[in-house]
Amino acid sequence: MRVPRMIAVALAGVAVLGPLAACSSNEPAAGGSPQAADPSPSETSTPEPPPTHPFTGLPGAARRPVLAAKIENTSAGKPQLGLRSADIVYVEQVEAGLTRLMAVFSSKLPPKIGPVRSARISDLHILPQFGKPALAYSGVQTKMIPKVQAASLVDVSDSRAPGAYFRQPGRYAPYNLFANTKQLLAKAPGASKAKDIGFTFGDAPEGGVAKKSFTVRYPAARFTFAWSQEAGRWLVWQDGKKDMAAEGGQLGAPTIVVQYAKTERSEFHDLNQSYTPLVHSVGKGRAVVLRDGQAFKATWSRKTEEDGTVFTTEAGEPMNFAPGQVWIVLAAPKPVIP
């Protein structure tokens, strides 16, 4: 009786081991390589690039308020403070064939900027593409005040936000007026935040021509932008001299846009009866885009003052800028003294 019982137990054991052996039949043979598991969709999908700033194309998701500031651009006001931190720098012709800058800040905010000078009528036509930015300036002609009051901007001039301004020791008036940027924005709680203004960033298109330098002439000013491979940007020279920053180093940017725009007399003029130029930044025209040591022929278009300015190649494709600061040099097709 005991032998059959043991046989039964043994048979039962075989019955139990049978399914286990079947379950392990998919394991790799000794010495074989295990099969890789099928990757999940999340492992094979290409990660999305980090968001970039619409003014510079550099990584940064934050959309901070926009601060524009009118900055002196003659030898008496140099070196300027804060320009190295600007996202965009506009060069505009003013009276007597000279130029003045409008620096636009958002992604970075330097502690102080200056010398701050008066605004011009062309500024009021450029600014609406940013929404309602804060504008730092030090006065306008009396008959231009109603136009400023009606413009799409938050006024943080020295008369509206006097506590934000100070006189810089070692400089003389009117080239010694500087401002604290945080105090300026504190007076502009309704200022618009950065948004798309038409710029595109990325690889350079085909069709560029190698350039070591490019010169733009105004009636009483001359800019030369010289490519520096070492610095990776176009260094700025004005009137034959290096354009230096108060913080140190030479001013420059990865992308320089020479935007040729109709320029004519406005209704305003200075005390010497020199008329203020009016730059027509709405419409369309030709441009030259400097990046990566090359010059590209381009076109620009802006439908309304609320629209951004779109730059395209001669083939009609987006004219990509190099990531970083952008200079927009507003030049007449031919130098004119209105």
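In what follows, the accompanying structure is described.

Reading the values: the criteria
Residues numbered from 1 in each chain as written. Predicted model: local features only at pLDDT ≥ 70, side-chain atom pairs only at ≥ 80, totals over all residues. Heavy atoms only, no water. Helix = DSSP H or I, 4+ residues; strand = E, 2+ residues; numbered from the N terminus. Contact = heavy atoms within 4.5 Å. Pairing = 2+ DSSP bridges. Phe/Tyr/Trp six-rings, centres within 6.5 Å; stacked < 30°, edge-to-face > 60°. Lys NZ or Arg CZ within 6 Å of the ring centre and 35° of its normal. Salt bridge = Lys/Arg side-chain N within 4 Å of Asp/Glu carboxyl O. Buried < 20%, exposed > 50% of the residue type's maximum accessible area, 1.4 Å probe, protein only.

## A look at the environment of Val279
Then, in step 1: In this fold, Val279 is placed in strand E17 (residues 275–279).
Then, in step 2: Between the C-alpha atom of Val279 and that of Tyr260, which follows or precedes it by 19 residues, the distance is 9.6 Å.
Then, in step 3: Once residues within four sequence positions are removed from consideration, Val279 is found in contact with Ser122, Ala261, Lys262, Thr263 and Leu330.

## Details of unusual backbone geometry
Then, in step 1: Geometrically, the link from Lys78 to Pro79 is a cis peptide bond, its omega value of 0° lying close to zero.
Then, in step 2: Topologically, Pro79 is positioned in the loop between strand E1 (67–71) and strand E2 (88–93).
Then, in step 3: Cis geometry is found at the peptide bond from Ala173 to Pro174, where omega equals 5°.
Then, in step 4: Its location among the elements puts Pro174 in the loop between strand E7 (165–167) and strand E8 (177–180).
Then, in step 5: Positive phi, close to 60°, is recorded for Ala96, a residue that is not glycine.
Then, in step 6: For Ala96, the position within the fold is in the loop between E2 and strand E3 (99–105).
Then, in step 7: Its identity as a non-glycine residue notwithstanding, Asp292 has a phi of 55°, on the positive side.
Then, in step 8: Structurally, Asp292 is set in the loop between strand E18 (283–291) and strand E19 (294–302).

## Let's talk about the sheet that holds E8
Sheet strands pair by backbone hydrogen bonding; their relative direction is either parallel or antiparallel.
Then, in step 1: Taken in spatial order, the three strands of this open sheet run E4-E8-E7, and their pairing is antiparallel. Either end of the sheet is taken by a strand with one partner, and the two such strands are strand E4 (112–113) and E7.
Then, in step 2: In this structure, E4 lies alongside E8, joined through two bridges in antiparallel fashion. Residue pairing in the sheet places Lys112 in a bridge with Asn180 of E8.

## Here's the deal with the packing of aromatic side chains
Then, in step 1: Per the counting criterion, the structure on display carries twelve aromatic pairs.
Then, in step 2: Plain terms: the ring middles of Phe223 and Phe225 are 6.1 Å apart, the flat faces sit at 10° to each other, and that makes the pair stacked.
Then, in step 3: One aromatic cluster is present, formed by Phe199, Phe201, Phe311 and Phe321 through successive ring pairs.
Then, in step 4: One cation-aromatic arrangement involves Arg265 over Tyr275; the distance from NZ or CZ to the ring centre is 4.1 Å.
Then, in step 5: Above the ring of Tyr260, the side-chain terminus of Arg286 is found at 4.1 Å from the ring centroid.

## Description of the pattern of salt bridges
Then, in step 1: As enumerated under the stated definition, the model contains nine salt bridges in all.
Then, in step 2: Residue Lys70 is joined to Glu92 by a salt bridge in which the shortest nitrogen-to-oxygen separation is 3.3 Å. Within this pair, whereas Lys70 is found in strand E1, its partner Glu92 is found in strand E2, the two being separated by 22 residues in sequence.
Then, in step 3: Classification of Glu92 as buried rests on a relative accessible area of 2%.
Then, in step 4: For Glu264, the salt bridge goes to Lys262, with nearest N and O atoms at 3.9 Å.
Then, in step 5: In the salt-bridge network here, residues are joined through shared partners; they are Lys70, Glu92 and Asp123.

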